[in-house]
Amino acid sequence: MDLYPLFEWLESTTIALAVRDSLWLFPVIECMHLLALSMLGGSLLVVDLRLMGFGLKSQSVSHLARQAHPWMVGSLVMMISTGIPLFLSETIKCYYSPPFWYKMGFLAIATIFAFTVRRKVTAGEEKRLQGALTAVVSLGLWFAVGFSGRWIAFY
Amino acid sequence: MSLLGFFEWLRNTGGSVGIRESILFYPIVESSHVLSLALFLGMIATLDLRLLGVGLRGVPVSETADRLLPWAFAGFAVMVITGLLLFYSTPVRAYQNIFFRVKMVGIALAGVNALYFHKTIYRRVLDWDNDPVPPRRAKVAGAASLFLWSVVVVCGRMQAYNWFD
């Protein structure tokens, strides 16, 4: 299925036009996207570092994960809700940008991983190797999302 | 030689031109700069939220600081190294950009805020280590930190625009 007609239509929607026509809307949303990135980074790292045996070692993984979870969900919601208008304002550019498609792929996998495997591992009984492996996969996936995201601007 | 004169000279050095015109190196440095934000500010914000009494309330403040700040420093080191390389690639443009100047002031103020916090209320952290909501002065330091670093991030992003040059 070719998504081009869909992308073309999306770029003509009200939100897309509003962002594109405004001088400051795109940068302002970008800034919020970046601030949410910091929060997402913090809420992921506190748990993933702990899974690898670093960071807040005296706390149990499940205790930390429970406390970090609302922050992770909140920052993810903020990332996506700021990401959508950014995407809408340049859908055709994104359509032709390989990093955009990589980002969407990694984003889907990272999100599913966070709410399935990682959720289960952090809630369950602590097993060192399993925890460390989960953390490495989690951080690797989110790193790939962020890295390919930044490259949309370049390619 | 004036600062501007120095940066004009710097702009024409081989390294500066090399980074500016590179196809892969510049994007890699730029991406590393942005992504290390998740490590640096992620850890700083986590501590700030603990100081505000809204996050990790069950974890002692001293443990949060001791165990997370080394990671924040590691992130900061990457930010400074990549940031210097980015500055080196376009020194004149950065120097003349209002957002860059505000960003530098923001970093300095955030540093002063962190130093002041550690030299004052944090010295007696053991008195309030386990309080779910720390004393007011610690909360103020946490809020100031969040605000100042947000200004730094926003100005860093806005540096791409030369609206007020």
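Let me begin by describing the structure that accompanies this report.

Procedures and definitions
- Residues numbered from 1 in each chain as written.
- Chains lettered and ligands numbered in written order.
- Predicted model: local features only at pLDDT ≥ 70, side-chain atom pairs only at ≥ 80, totals over all residues.
- Heavy atoms only, no water.
- Helix = DSSP H or I, 4+ residues; strand = E, 2+ residues; numbered from the N terminus.
- Buried < 20%, exposed > 50% of the residue type's maximum accessible area, 1.4 Å probe, protein only.
- Contact = heavy atoms within 4.5 Å.
- Phe/Tyr/Trp six-rings, centres within 6.5 Å; stacked < 30°, edge-to-face > 60°.
- Axes fitted to C-alpha atoms, helices over the stretch in contact; angles between N-to-C directions.
- Parallel < 35°, antiparallel > 145°, perpendicular 65-115°, else oblique.
- Left-handed = near helix turned anticlockwise from the far one by under 90°.
- Buried area = accessible area lost by both parts, 1.4 Å probe.
- Salt bridge = Lys/Arg side-chain N within 4 Å of Asp/Glu carboxyl O.
- Polar contact = N/O pair within 3.5 Å; in protein donor to acceptor, adjacent residues only side chain to side chain.
- Nonpolar A, V, L, I, M, F, W, Y, C, P; charged D, E, K, R; others polar.
- Patch = residues over 30% accessible without salt bridge, like charges linked within 9 Å, V, L, I, M, F, W, Y side chains within 5 Å.
- Areas by Shrake-Rupley, 256 points an atom, 1.4 Å probe, with all protein chains shown as cover.
- Core = buried A, V, L, I, M, F, W, Y, C linked by side-chain atoms within 4.5 Å.

Moving on: the overall build of chain A. Of the regular secondary structure elements, chain A holds eight helices and zero strands. Secondary structure elements of chain A, listed N to C terminal, follow the sequence α-α-α-α-α-α-α-α. Buried residues in chain A amount to 50% of all 155 residues. Restricting to contacts in chain A with at least 6 residues of sequence separation, those with at least 24 account for 80%.

Residues and elements named next belong to chain A. According to the stated counting rule, one finds 24 aromatic pairs over all chains in the structure shown. Aromatic side chains tyrosine 4 and tyrosine 96 sit 6.1 Å apart centroid to centroid with 55 degrees between the ring planes, which places their arrangement in the tilted category. Placement of tyrosine 4 in helix α1 (residues 4-10) and of tyrosine 96 in the loop between α5 (91-95) and α6 (98-115) is noted, with a sequence separation of 92 residues between them. For tyrosine 4, a relative accessible area of 23% puts it in the partly exposed group. Taken together, the ring pairs connect Tyr4, Phe7, Phe87, Tyr95, Tyr96, Phe100 and Trp101 into an aromatic cluster.

Time to look at the packing of helix α3 (residues 25-51) of chain A against helix α8 (residues 128-151) of chain A. Residue and element names in this part refer to chain A. Contact geometry for α3 and α8: axes closest at 8 Å, N-to-C directions at 155 degrees. Put simply, α3 runs roughly antiparallel to α8. α3 and α8 meet at a crossing whose hand is left-handed. Along its contact with α3, which presents Leu40, Leu44, Leu45, Asp48 and Leu51, the element α8 presents Arg128, Gly131, Ala132, Ala135, Ser138, Leu139 and Trp142.

What follows deals with the interface of chain A and chain B. If you look at the interface, chain A gives 31 residues, while chain B gives 36 residues. Summed over both sides, the interface between chain A and chain B buries roughly 2,900 Å², with carbon and sulfur atoms accounting for 77% of that surface. Counting the contacts that link chain A with chain B gives two salt bridges. Where glutamate 30 of chain B meets arginine 150 of chain A, a salt bridge forms, and the shortest distance between an N and an O atom there is 3.5 Å. At the boundary of chain A and chain B, one finds seven residue pairs in polar contact (both at pLDDT 80 or more). Only α3, α4 (61-88) and α8 of chain A provide two or more residues apiece to the side of chain A that touches chain B. Considering every element that reaches the side of chain A that touches chain B, the biggest residue donor is α3 of chain A, with 13 residues. The class makeup of the residues in the side of chain A that touches chain B is 20 nonpolar, eight polar and three charged.

Here we take up a nonpolar patch on the surface. Residues and elements named next belong to chain A. A cluster of nonpolar side chains, Leu23, Trp24, Val28, Met32 and Met78, forms an exposed patch at the surface whose accessible area comes to about 470 Å². With respect to the helices, strands and loops of the structure, valine 28 is situated in helix α3. Looking at valine 28, the relative accessible area reads 34%, which means it is partly exposed.

Further remarks concern the side chain of glutamate 11 of chain A. One can find glutamate 11 of chain A in the loop between α1 and α2 (14-21). The contact partners of glutamate 11 of chain A, leaving out residues within four places of it in the chain, are Ala16, Leu17, Arg20, Leu88, Ser89, Glu90, Thr91 and Ile92 of chain A.

Attention now goes to unusual backbone geometry. Residues and elements named next belong to chain B. Within the chain, leucine 56 stands out as a residue other than glycine whose phi angle is a positive 50 degrees. By the element assignment, leucine 56 lies in the loop between α3 (25-52) and α4 (61-89). Classification of leucine 56 as buried rests on a relative accessible area of 7%.

If you look at the biggest cluster of nonpolar residues, it comprises 56 residues, and the most contacted ones within it are Trp142 of chain A together with Phe117 and Trp128 of chain B. The leading source of residues in this core is α3 of chain A, at ten residues. Those residues within four positions of phenylalanine 117 of chain B in sequence are excluded, and the remaining contacts are Leu51, Tyr122, Trp128, Ala138 and Ala141 of chain B. Grouped together as the second largest cluster of nonpolar side chains are ten residues, Phe87, Cys94, Tyr95 and Ile152 of chain A included.

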